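Read off the chains here:
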Amino acid sequence: NIASPGDADDPAFWLHPTDASRSYVIGTAKNSGLRVYDLAGNELQSYLSPGKIDNVASRLNNVDVQYDFRLNDGTRADLAIFTDRGQDTLRVFRINASGTPLTEITGYNRLFPAQPLANQATGYGLALWRDTASDKLYSLVAQRGGSGAGGAVKGHQIAQFEMVAQAGGTVTSQFVRSWALPTTYKGVDLTSALTPTGDSYSPQSEGMVVDQRDGVLFVGQEEVG
């Protein structure tokens, strides 16, 4: 898409329930939305990002997949969930085993509403956790380090959101809690653009994964650990 050039990024795999050869590779293309491929690399779906909100364009950043989510009507669905760092929301797609791979069922809701969209202190990194004991699905979201006025954060917050099924078949997010990550590294203030020694450590958190069995979240903080 020439008007919104794609930038291939974070992928996730969805395993077909009966035929592994029909599984999907689901990836973000940032300003150009998302792409879905088969295991031979053939493109099955290209989905462009939606229009602007508050004059800010959508930008899909990370994606993760979870299985067997209970929708409002009692049926179950596998979901692909994306962070939209442009519009600060989670975009939710139902995964279809046949036909068009993904169908959007997003119930729009801001993740970090204390910051204006223009600051881009928005949803960035993503990992999903399905708590089998409670049958609840959670999204763990790293907030992007912001810029500009308004006291934008510097990328040290991880927030947990419960995914909530709504009437009409949509799914939205509900804030549960958040954690502040360390703001110093080797004695250096990570919130400073440049350290007194001339070094610059990026404290941004993005890559994350959850140990589904033990409920442990692993967070990668760039240039820190």
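Below you will find a few notes about this structure. Within each chain, residues carry numbers counting from 1 in the order of the written sequence. Given that the model is predicted, a residue must reach a pLDDT of at least 70 before its local features are reported, and side-chain atom pairs must reach 80 or more before they are shown or counted; all residues, however, enter totals for whole chains, interfaces and linings. To obtain the side-chain values, all non-hydrogen atoms of the structure were included, while hydrogens and water were left out.

The next thing to look at is the packing of aromatic side chains. Working definition: a ring pair exists when centres of Phe, Tyr or Trp rings (six-membered ring for Trp) sit within 6.5 Å. Plane angles under 30 degrees give stacked, over 60 give edge-to-face, the rest tilted. Summed over the entire model, instances satisfying the criterion amount to six aromatic pairs. Their ring planes at 85° and their centres at 6.1 Å tell us that Phe112 and Phe161 sit as a pair that is edge-to-face. Within this pair, whereas Phe112 is found in the loop between strand 8 (102-104) and strand 9 (123-131), its partner Phe161 is found in strand 11 (residues 157-165), the two being separated by 49 residues in sequence. One aromatic cluster is present, formed by Tyr47, Phe82 and Phe93 through successive ring pairs. Going along the chain from the N terminus, every DSSP run of H or I of four or more residues is numbered as a helix, and every run of E of two or more is numbered as a strand.

Mapped onto the fold, Gln160 is located in strand 11. Within the local environment of Gln160, its side chain forms a polar contact with the side chain of Arg177, the two groups lying 2.6 Å apart. By the criterion applied in these results, polar contacts are pairs of N or O atoms within 3.5 Å in which, for protein atoms, one can donate a hydrogen and the other can accept it, and in which residues neighboring in sequence qualify only through two side-chain atoms.

On to the pairing of strand 6 (residues 76-84), then. Under the scheme applied here, a residue whose accessible area is under 20% of the maximum for its type counts as buried, over 50% as exposed, and between as partly exposed, the area being computed with a 1.4 Å probe on protein chains only. Most of strand 6 sits out of view: eight of its nine residues are buried. A pair of strands counts as paired when DSSP detects no fewer than two bridges linking them. In this sheet, strand 6 lies alongside strand 5 (residues 60-70) in antiparallel orientation, the contact comprising seven bridges. What sits directly across from Gln66, in strand 6, is Leu79. The turn linking strand 5 back onto strand 6 is made up of five residues, and Gly74 within it adopts a positive phi angle of 95°. The pairing of strand 6 with strand 7 (residues 89-95) spans seven bridges and is antiparallel. Looking across to strand 7, one finds that Leu79 is bridged to Arg94. Taking the residues between adjacent antiparallel strands as the criterion, strand 6 and strand 7 are bridged by four residues, where Asp88 takes a positive phi near 55°.

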